[in-house]
Amino acid sequence: MPSHKHPSSSYARILFRHLRLNEENSAAYFKGTNVSYETLMTLDGAIPPNEMAQIYRNAQAISDLEDLGLLVGAQLHISTHGPLGVAAFSAPDLRAALTLFAKYSQTRAEFFKVSIKENSEGIRVTFSETFDLDHLRVFILETALIGLLSSITSFVGVGQFKGQVKFSYSKPSYWQKYHHYFGDNIKFNQPMTEIMVSNSILSTLSPVADPVMHQEAVAICERQLKKIKAGEAGSRVLSTEEAVSALMFENPGRIWTLNEVATKLYISRRTLIRKLESEGTRFQTVRDELAKKQVANYLVDASLSVESIGHLMGFSDVSSFRRSFKRWFGETPSEYIVRVRGVSS
């Protein structure tokens, strides 16, 4: 398998939570790998591809659900894709978002390459396997395509995507469930796995377009891509606040503590506190500001419940998430949703 980069560990954490696992019953999830519960929750953003593949196989065995890829893919909302997801969602429109997904797909995916081609009908998004996925092909491509369609839906709204979706494999036994996720215009046994996005929706504006956030997220994606291509980090030295934000930003799905971040940055807890204070901020301030942005992005998706968002943010129970939400926004999730969406939760 290619070794120039590793898949993001955030996907393994999302899958772990989808299976409702915890530290006590997770042995089967990590069987045959060097990954443990502790390393999954503290890992610096990546898991070697061969171990990620084994985790996927283990998850299939644990769940015993033939449509696990569809179910997990539905959890991969745009904000779960780290800096790339934020860069895409804060982009001016859907066309720009899809362009970013293709350009920086290498920063999030090891198992396939994403490319786009625009013609008079729209944009064709193609998923090309970087190596033979074998028995994992259906699971991985299901999660990837649903994740992309979820991102498109974040722009155009539920039920507005009418494009064609092609799959490079035969119909699975549960293929009729595909209509719920991909619509009626689907084809199997095709030369390539791809999605056709119509011209009619490419100019749809992002509901949360943010030039400043977009620029910051694209800069992180660019640094990651350069690191992948050159095998070394970018030359610019990050401030301590930027380093802390980048670490948490690139590893969603968990609640980072001061001690954990200090360990990952190879400095002491006291040094981290002192460095942040010298830059005029505090650890909790940095963490809360990032959490607020992530939660605000999740709340744009009306299909996500408050409980689901809490789990995606790394909270073990919804009451703790609601308390943190009130501290961040000065109002309850229900009050926020009514104010922003204009509807009752």
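Residues numbered from 1 in each chain as written. Predicted model: local features only at pLDDT ≥ 70, side-chain atom pairs only at ≥ 80, totals over all residues. Heavy atoms only, no water.

> For this particular structure, what's the right way to read the sheet that holds strand β1 (residues 112–118)?
Across a sheet, paired strands are connected by hydrogen bonds in the backbone, their directions being either parallel or antiparallel. The strand order across the open sheet formed by five strands is β1-β2-β5-β3-β4, and the pairing between neighbours is mixed. In this open sheet, the two edge strands, each paired with only one partner strand, are β1 and β4 (186–187). Sheet topology places strand β3 (residues 165–166) next to strand β5 (residues 193–198); two bridges connect them, and they run antiparallel. Note on β5: the bridge partner recorded for Lys166 is Glu194. Most of the contacts of helix α8 (residues 137–156) go to strand β2 (residues 122–129), to which it runs at about 155°, and overall it touches β1, β2, β3 and β5. (Pairing = 2+ DSSP bridges. Helix = DSSP H or I, 4+ residues; strand = E, 2+ residues; numbered from the N terminus. Contact = heavy atoms within 4.5 Å. Axes fitted to C-alpha atoms, helices over the stretch in contact; angles between N-to-C directions.)

> How do you make sense of the nonpolar core when you look at a structure like this?
One recurring pattern in soluble globular proteins is that nonpolar side chains are buried together. Counting residues in hydrophobic clusters, the biggest one holds 88 residues, and the most contacted among them are Tyr29, Ile152, Phe182 and Val197. Sorting elements by how many residues they give to this core places α8 first, with eleven residues. For Ile152, the contacting residues outside a window of four places in its chain are Leu94, Leu98, Phe161, Val197 and Ile201. Ranked by size, the runner-up nonpolar core spans 15 residues in total, among them Ala291, Tyr298, Val306 and Phe315. (Core = buried A, V, L, I, M, F, W, Y, C linked by side-chain atoms within 4.5 Å. Buried < 20%, exposed > 50% of the residue type's maximum accessible area, 1.4 Å probe, protein only.)

> How should I be thinking about the environment of Ile267 in this particular structure?
Secondary-structure assignment places Ile267 in the loop between α13 (258–264) and α14 (269–278). For Ile267, a relative accessible area of 25% corresponds to the partly exposed category. Each C-alpha atom, one on Ile267 and one on Ser120, is 54 Å from the other, the two residues being 147 residues apart in sequence. Setting aside its immediate chain neighbours within four residues, Ile267 contacts Ala262, Leu272 and Lys275.

> Please clarify how the packing of helix α6 (residues 82–89) against helix α11 (residues 211–230) should be interpreted in this entry.
If you want to describe how two helices pack, look at the angle between their axes and the distance between the axes. Two numbers describe how α6 lies on α11: the axes approach to 8 Å, and their chain directions differ by 140°. Classified by the angle their axes make, α6 and α11 are oblique. Crossing angle aside, the handedness with which α6 passes α11 is left-handed. For the pair α6 and α11, contact is made by Pro83, Leu84, Val86 and Ala87 and by Met213, His214, Ala217, Val218, Ile220, Cys221 and Gln224, respectively. Taken together, the residues of the contact of α6 with α11 sort by class into nine nonpolar, two polar and no charged. (Parallel < 35°, antiparallel > 145°, perpendicular 65-115°, else oblique. Left-handed = near helix turned anticlockwise from the far one by under 90°. Nonpolar A, V, L, I, M, F, W, Y, C, P; charged D, E, K, R; others polar.)

> What is the right way to read the pattern of salt bridges from this model?
Side chains carrying opposite charge are able to pair once their charged atoms draw close together. For the coordinates displayed, the defined rule picks out eight salt bridges. Between Arg254 and Glu260 there is a salt bridge, with the nearest N and O atoms lying 2.3 Å from each other. You can call Arg254 buried: its relative accessible area is 9%. Here Glu260 falls in the partly exposed class, since its relative accessible area comes to 25%. A salt bridge links Asp288 to Arg327, with the shortest nitrogen-to-oxygen separation between them at 2.5 Å. Highlighted residues: Asp288 in helix α15 (residues 283–299) and Arg327 in helix α17 (residues 318–329), separated in sequence by 39 residues. Under the relative-accessibility criterion, Arg327 is labelled partly exposed at 44%. Residues joined by salt bridges that share partners form a network here, namely Arg124, Lys166 and Glu194. (Salt bridge = Lys/Arg side-chain N within 4 Å of Asp/Glu carboxyl O.)

> Even after reading the chapter, I still don't get α11, so can you show me in this structure?
Owing to its 3.6 residues per turn, the α-helix brings residues three or four apart onto one side. The end-to-end C-alpha distance of α11, which contains 20 residues, comes to 28 Å, matching closely the 28 Å that a straight helix rising 1.5 Å per residue would cover. The complete set of buried residues in α11 reads Met213, His214, Ala217, Val218, Ile220, Cys221, Gln224, Leu225 and Ile228. In a view along the axis of α11, the buried residues occupy a sector of 160°, so they form one face of it. α11 presents Pro211, Val212, Gln215 and Ala230 as exposed residues on the side facing more than 90 degrees away from its buried surface. (Expected span 1.5 Å × (residues − 1). Arc of directions from axis to C-beta.)

> Sorry if this is basic, but what is going on with the side chain of Asn58 here?
Position of Asn58 relative to the elements: it lies in helix α4 (residues 49–63). Within polar-contact distance, the side chain of Asn58 engages the backbone oxygen of Ala28 at 3.5 Å. (Polar contact = N/O pair within 3.5 Å; in protein donor to acceptor, adjacent residues only side chain to side chain.)

> Help me understand the pairing of β2 in this model?
The side chains of a regular strand alternate between both faces of the sheet. Direction of pairing for β1 relative to β2: antiparallel, over a ladder of seven bridges. Looking at β2, one finds that Lys117 is bridged to Arg124. Between β1 and β2, which pair antiparallel and follow one another directly, the connecting turn spans three residues. As defined by bridge partners, β2 adjoins β5 across six bridges and the pair is classed as antiparallel. The residue of β5 that forms the bridge with Phe127 is Thr193.

> I would appreciate a short explanation of the confidence of the model for the protein chain in the present structure.
Detailed reading of the predicted model is not advised wherever pLDDT is low. When pLDDT is averaged across the protein chain, the result is 86; 92% of the residues are at 70 or more. Per-residue pLDDT stays below 50 along residues 232–236; that stretch engages in five contacts with residues further than four places along the chain or on separate chains. (pLDDT = per-residue confidence, 0-100.)

> Help me understand the packing of α15 against helix α16 (residues 306–313), please; the structure alone is not making it clear to me.
α16 packs onto α15 with a crossing angle of 140° between their chain directions and a minimal axis gap of 11 Å. Relative to α16, the element α15 lies oblique. α15 and α16 meet at a crossing whose hand is right-handed. In contact with Ala291, Gln294, Val295, Tyr298 and Leu299 of α15, α16 contributes Ile309, Leu312 and Met313. A breakdown of the residues in the contact of α15 with α16 according to their chemical character gives seven nonpolar, one polar and no charged.

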